[in-house]
Amino acid sequence: MSIVLPGEQVPAQHVNLKLGPGLQQIQTRNDGTSRSAQLIVATRAGSLNHSANGSKWWIESNSRRYVPAAQEPVIGVIAQKQGEGFRVDIGSAHSANLDGLAFEGASKRNKPNLKIGSLVYARVSLAHKDMEPELECFDAQTRKAEGFGELKGGFLVRCSLRMCRQLLDPNHFLLPLLGARFPLEVAVGLNGRVWINSKEAKHIIAITRAIEAADPDGDSLDASGVSTLLNDLDGKMSL
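What comes next concerns the included structure. The structure displayed is predicted, hence computed values, not measured ones.

**Observations concerning the pairing of strand E8 (residues 85-89)**
Among the five residues of E8, four are classified as buried, and the element is accordingly described as predominantly covered. Pairing of strand E7 (residues 73-82) with E8 involves five bridges; the strand directions are antiparallel. When the sheet's bridge partners are listed, Gln80 is paired in E8 with Arg87. What sits between E7 and E8 in their antiparallel hairpin is a turn of two residues, with Gly83 showing a positive phi close to 55°. The sheet contact formed by E8 and strand E9 (residues 96-103) spans four bridges and is antiparallel. Counterpart to Arg87 in the pairing with E9 is Asn97.

**Some remarks on the pattern of salt bridges**
Under the criterion given, the structure shown has eight salt bridges. Measuring nitrogen to oxygen at the nearest pair gives 2.2 Å for the salt bridge that ties Arg123 to Glu136. A residue pair is termed long-range when its members are at least 10 positions apart, and Arg123 in strand E10 (residues 119-128) and Glu136 in strand E11 (residues 131-137) qualify at 13 residues. Accessibility classification places Arg123 together with Glu136 in one group, the buried group.

**Quick word on unusual backbone geometry**
In the Ramachandran plot, Glu146 falls in the positive-phi region, its phi being about 50° despite a non-glycine side chain. Mapped onto the fold, Glu146 is located in the loop between E11 and strand E12 (149-151).

**With respect to the nonpolar core**
One finds Val88, Leu98 and Leu135 to be the most contacted residues of the largest nonpolar core, which totals 27 residues. Mapped onto this core, the elements with two or more residues apiece are E7, E8, E9, E10 and E11. Setting aside chain neighbours within four positions, we find Leu135 in contact with Val74, Val88, Ile90, Ala96, Asn97, Leu98, Asp99, Ala102, Ala122, Arg123, Val124 and Ser125. Judged by nonpolar contacts, the second largest core, of 24 residues, contains Cys159, Leu167, Ala213 and Leu229.

**Here we look at the side chain of Glu72**
Mapping Glu72 onto the fold places it in the loop between strand E6 (56-60) and E7. Classification of Glu72 as buried rests on a relative accessible area of 7%. Of note is the side chain of Glu72, whose polar atom sits 2.6 Å from the side chain of Arg165. Those residues within four positions of Glu72 in sequence are excluded, and the remaining contacts are Gly20, Pro21, Tyr66, Ala122, Arg123, Val124, Arg165 and Leu190.

**Regarding the sheet that holds strand E5 (residues 46-50)**
Reading across from one edge, E1-E5-E6-E2 is the order of the four strands in this open sheet, with mixed pairing throughout. This sheet does not close on itself; its edge strands, each paired only once, are strand E1 (2-4) and strand E2 (18-19). Examined bridge by bridge, E2 and E6 share two bridges and lie parallel to one another. Looking across to E6, one finds that Lys18 is bridged to Lys56.

**A closer look at helix H3 (residues 201-214)**
For H3, built from 14 residues, the straight-helix expectation of 20 Å at 1.5 Å per residue is met to within 8% by its first-to-last C-alpha distance of 20 Å. Taken together, the buried positions of H3 are occupied by His203, Ile204, Ala206, Ile207, Thr208, Ala210, Ile211, Ala213 and Ala214. Of the surrounding secondary structure, the elements contacted by the buried residues of H3 are strand E13 (155-158), helix H1 (161-167), helix H2 (174-179), strand E15 (193-197) and helix H4 (223-237).

The rules behind these values
Every chain begins its residue count from 1, and numbering advances along the sequence as written. Selection of residues for local features in this predicted model requires a pLDDT of at least 70, selection of side-chain atom pairs for listing and counting requires 80 or more, and totals for whole chains, interfaces and linings are taken over all residues. The side-chain values count all of the structure's non-hydrogen atoms but skip hydrogen atoms and water molecules. We call a residue buried when its accessible area falls under 20% of the maximum for its residue type, exposed when it is over 50%, and partly exposed in between, using a 1.4 Å probe and counting protein chains only. For the purposes of this entry, the term helix denotes a DSSP run of H or I that reaches at least four residues, the term strand denotes a run of E that reaches at least two, and both are numbered from the N terminus. Only strands joined by at least two bridges in the DSSP assignment are considered to pair. The rule for a salt bridge is simple: a side-chain nitrogen of Lys or Arg has to be within 4 Å of a carboxyl oxygen of Asp or Glu. We define a nonpolar core as any set of buried Ala, Val, Leu, Ile, Met, Phe, Trp, Tyr and Cys residues linked to one another through side-chain atoms lying within 4.5 Å. In what follows, residue pairs with any heavy atoms lying within 4.5 Å of each other are defined as contacts. Identification of polar contacts relies on pairs of N or O atoms within 3.5 Å, with a donor-acceptor requirement for protein atoms, meaning one able to donate a hydrogen and the other able to accept it, and with residues adjacent in sequence counted only if both atoms are side-chain atoms. In this analysis, the expected span of each helix is defined as 1.5 Å times one less than the number of residues it contains.

Below is the structure:
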């Protein structure tokens, strides 16, 4: 991990390269030749990160506003119905568009009837600085829902963008720790939103408190600290 500044070139290379927040691919032309080169540059200051196999690169920063990036999962709130689709609040500078046909098995006669305020777990299919982001509620490769779609019931937790990325890391301690204590359903959006559901309201409260306590922008508790917190709540609410 290294710190980069806006405009700085990043050594991101991979056959299936995917760029996340804070990175942009630009095309340059070499002097005296007709050949062009693809460069990856930083568009914001922060720490440069990449996946284990080097296929995904992104920049972590203290930004509170989500900047949409293609292929990222997000949790959105239906803000408006328009024509054949919906406008969705994903916490970015602009609302996103969600086509009514962008669901598994959807057709002109069979489209989801989402209401204002409904939650959806979606994937960013288009993200460009000069265009409004677009969403899909299915996996791009299988065309199956794969967990995407309307989120019914449950509770929406807002946390830092960094916390969301950590929750999607299979090596992070929090979700396995919570799953060992409570029956749990979770959807993590990289836009600072986490949807949780459990059998009892007191379990949802405990899970919410644990996520907020482990957030790097909050108390930043480790596994031991979260376990102590849950034990304290256990005594108060008889979890």
